[in-house]
Amino acid sequence: GAATEIHELHRHLLYRFAGYTTEPAAWSALDTARSGWTVRYWTHEPVEVIKLLEQAQYEGGFIFAWAPDGTSQYIYVKSSYSSGDVTYTLDERDIAGLKVSHTPFGDMVTKKTIQYSKHPATGNFQSTDTYTNSTARTAYNIQSVENIENVELEMLVASVSDHGSHYGRINGTIKCLLDFSIVNPLYWGTTVGDILQFTAARMPVKTFATDWTQYFMVTSVQRRRGVLQVSAR
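Described below are features of the structure shown in this document. Worth saying up front: this structure is predicted, and the values here are computed from it rather than measured.

**A few points about the layout of surface pockets**
So, step 1. Counted as a void, the largest pocket has a volume near 820 Å³.
So, step 2. For the lining of the largest pocket, the secondary structure elements donating two or more residues are α3 (49-60), α5 (160-171) and β10 (216-224).
So, step 3. Considered class by class, the residues forming the lining of the largest pocket number 18 nonpolar, nine polar and five charged.
So, step 4. Together, 17 residues line the second largest pocket, and Ala-26, Gln-73, Tyr-74, Ile-75 and Gly-193 are the ones closest to its centre.
So, step 5. If you tally residues by element for the lining of the second largest pocket, the top one is strand β2 (residues 72-75), at three residues.
So, step 6. Per-class residue counts for the lining of the second largest pocket are 10 nonpolar, four polar and three charged.

**Here's the deal with the pattern of salt bridges**
So, step 1. Counting across every chain of the model gives five salt bridges.
So, step 2. Ionic pairing is found between Lys-78 and Asp-85, a salt bridge with its closest N-O pair at 2.7 Å.
So, step 3. Judged by its relative accessible area of 29%, Lys-78 falls in the partly exposed class.
So, step 4. Ionic pairing is found between Arg-202 and Asp-91, a salt bridge with its closest N-O pair at 3.8 Å. Of this pair, Arg-202 sits in the loop between β9 (195-198) and β10 while Asp-91 sits in the loop between β3 (88-90) and β4 (95-102); the two residues are 111 residues apart in sequence, bridging distant segments of the chain.
So, step 5. Overlapping salt bridges bring together Asp-91, Arg-93 and Arg-202 as one network.

**Quick notes on the packing of helix α1 (residues 6-17) against α3**
So, step 1. Running from N to C, α1 and α3 cross one another at 160°; their axes reach a closest spacing of 9 Å. Considered as vectors, α1 and α3 are oriented roughly antiparallel to each other. Between α1 and α3 the crossing geometry is left-handed. Across the interface between the two elements, Ile-6, His-10, Leu-13, Leu-14 and Phe-17 of α1 pack against Val-49, Leu-52, Leu-53, Ala-56, Gln-57, Glu-59 and Gly-60 of α3.

The rules behind each value
- Residues numbered from 1 in each chain as written.
- Predicted model: local features only at pLDDT ≥ 70, side-chain atom pairs only at ≥ 80, totals over all residues.
- Heavy atoms only, no water.
- 1 Å grid on protein atoms, 1.4 Å probe; cavity = no way out; pocket = protein on both sides within 12 Å on 5 of 7 lines; lining within 4 Å.
- Points joined across faces, edges and corners; volume = space filled by probe spheres on them.
- Helix = DSSP H or I, 4+ residues; strand = E, 2+ residues; numbered from the N terminus.
- Nonpolar A, V, L, I, M, F, W, Y, C, P; charged D, E, K, R; others polar.
- Salt bridge = Lys/Arg side-chain N within 4 Å of Asp/Glu carboxyl O.
- Buried < 20%, exposed > 50% of the residue type's maximum accessible area, 1.4 Å probe, protein only.
- Axes fitted to C-alpha atoms, helices over the stretch in contact; angles between N-to-C directions.
- Parallel < 35°, antiparallel > 145°, perpendicular 65-115°, else oblique.
- Left-handed = near helix turned anticlockwise from the far one by under 90°.
- Contact = heavy atoms within 4.5 Å.

Right under this line is the structure:
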């Protein structure tokens, strides 16, 4: 059928122009999570497929990635997590060289003006939506012109407020960052997109204002003999 939602457009592009017909892992979950994220797109000039894929990923709040075993997957940040989402639970015996930091204050976006519904003839955006994290703006004493982003959506025409809320969960507050090596072979299968938890009582340091019982997503991995280097957020 027709691709009417943002994730459907992405997969259609993979199918039609990249010849990739296999269903990526987590497609069903993404299909449910992005229900109602209606898309409308046209172009009067040739556009590289990779640029369309990246635009759809940004506006839809997900990424397409290859797993270490060569299979494909969709990765996205959920609105909430539970124990059933956890891939691995680690403690100080499983890791080495732990470094704890946080995202910069300047990278935090607590207010976003979103223009969407582009007119096919004039190219003007016909609608505007605003996302605001009032709690964060008050807590950090953010002034009226600070930590604001203006966004133009080329594809998404519905659930725009959900788009704003989604990115608010990602960069609307300061986030804890972890870098460490996994030394326990039991967890060498860890890869990007995995959800980690840590046994709080067995962790050697504190994590600023974040509790160790929170959920961390793996954002990058580097492998070398006997060690897996991991970054998580």
